[in-house]
Amino acid sequence: VDLTWRIAEGLYQAGRDDHDIIIASHGSYGERHRWANDQSAAVYLAMHVNASTSTSASYGAFFYHPQTKKGSGDRLALLMARHVEQLARRRGDTAYRCKAISAAGETWKNPRYTIAGLGRPVGICCEPFFLSSPANRATFCQTSTLLELGRVYLAALEQWHATR
């Protein structure tokens, strides 16, 4: 939990003067989705860190809902993935890969569930790295890098918004 809070903290610190950023950790996903819909939020990020029983799982993923309008969720997820991949490169990790993935089908039902109840907001399930991966832990699990991840999320959001 502390890891995702640090990412959220970096996003909030970087964007609070220019954007309405609300960090919601209360209630179920359904309750949060209803709240975001009622508030007419533009973007909803379900922020997570992934884990696996295999230490070889070593990538990041940004999932968008398969019913999102083309050029919206898919594009935002791709921008977020690219920005996080660039951060990994700056940290010296040339093997790290980050993907934008449609949360379609049975394989991706869990990330889809985190964004399924949204109406207007573009929903992205953010899973930037695997905690179970020694390489990912070395790249991302420092407070300064987690805060930087939040700033990278904001940079991707701003780029997406400026070019919609």
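Fair warning: this is a prediction, and the values are worked out from it, not measured in the lab. Residue numbers restart at each chain and count upward from 1, following the sequence in its written direction. In view of the model being predicted, local features appear only for residues whose pLDDT reaches at least 70, and side-chain atom pairs are presented and counted only at 80 or more, with totals across whole chains, interfaces and linings using the full set of residues. The side-chain values count all of the structure's non-hydrogen atoms but skip hydrogen atoms and water molecules.

Another aspect to go through is the packing of aromatic side chains. Think of it this way: a Phe, Tyr or Trp ring, Trp meaning its six-membered ring, pairs with another when their centres are within 6.5 Å, and the plane angle makes it stacked under 30 degrees, edge-to-face over 60, tilted otherwise. The final tally for this structure, using the stated rule, is six aromatic pairs. Ring geometry for Phe62 versus Tyr153: centroids 5.6 Å apart, planes at 85°, classification edge-to-face. Here the residue Phe62 occupies a position in strand 2 (residues 60–64), and Tyr153 occupies one in helix 6 (residues 143–162), the gap between them amounting to 91 residues. Considered together, Phe62 and Tyr153 belong to a single accessibility category, that of buried residues. Among the aromatic residues, ring-to-ring pairing joins Tyr96, Phe129 and Phe140 into one connected group. Charge-over-ring placement is defined geometrically: NZ (Lys) or CZ (Arg) within 6 Å of the ring centre, and within 35 degrees of the ring normal. Over the ring of Tyr29 we find Arg32, and its NZ or CZ is 5.2 Å from the ring centre. Positioned over the ring face of Tyr59 is Lys99, at 4.1 Å from the centre of the ring. Only DSSP runs of H or I with at least four residues qualify as helices, and only runs of E with at least two residues qualify as strands; both kinds are numbered from the N terminus onward. For every residue, the accessible area obtained with a 1.4 Å probe (protein chains only) is divided by the maximum for its type, and the residue is called buried under 20%, exposed over 50%, and partly exposed between those limits.

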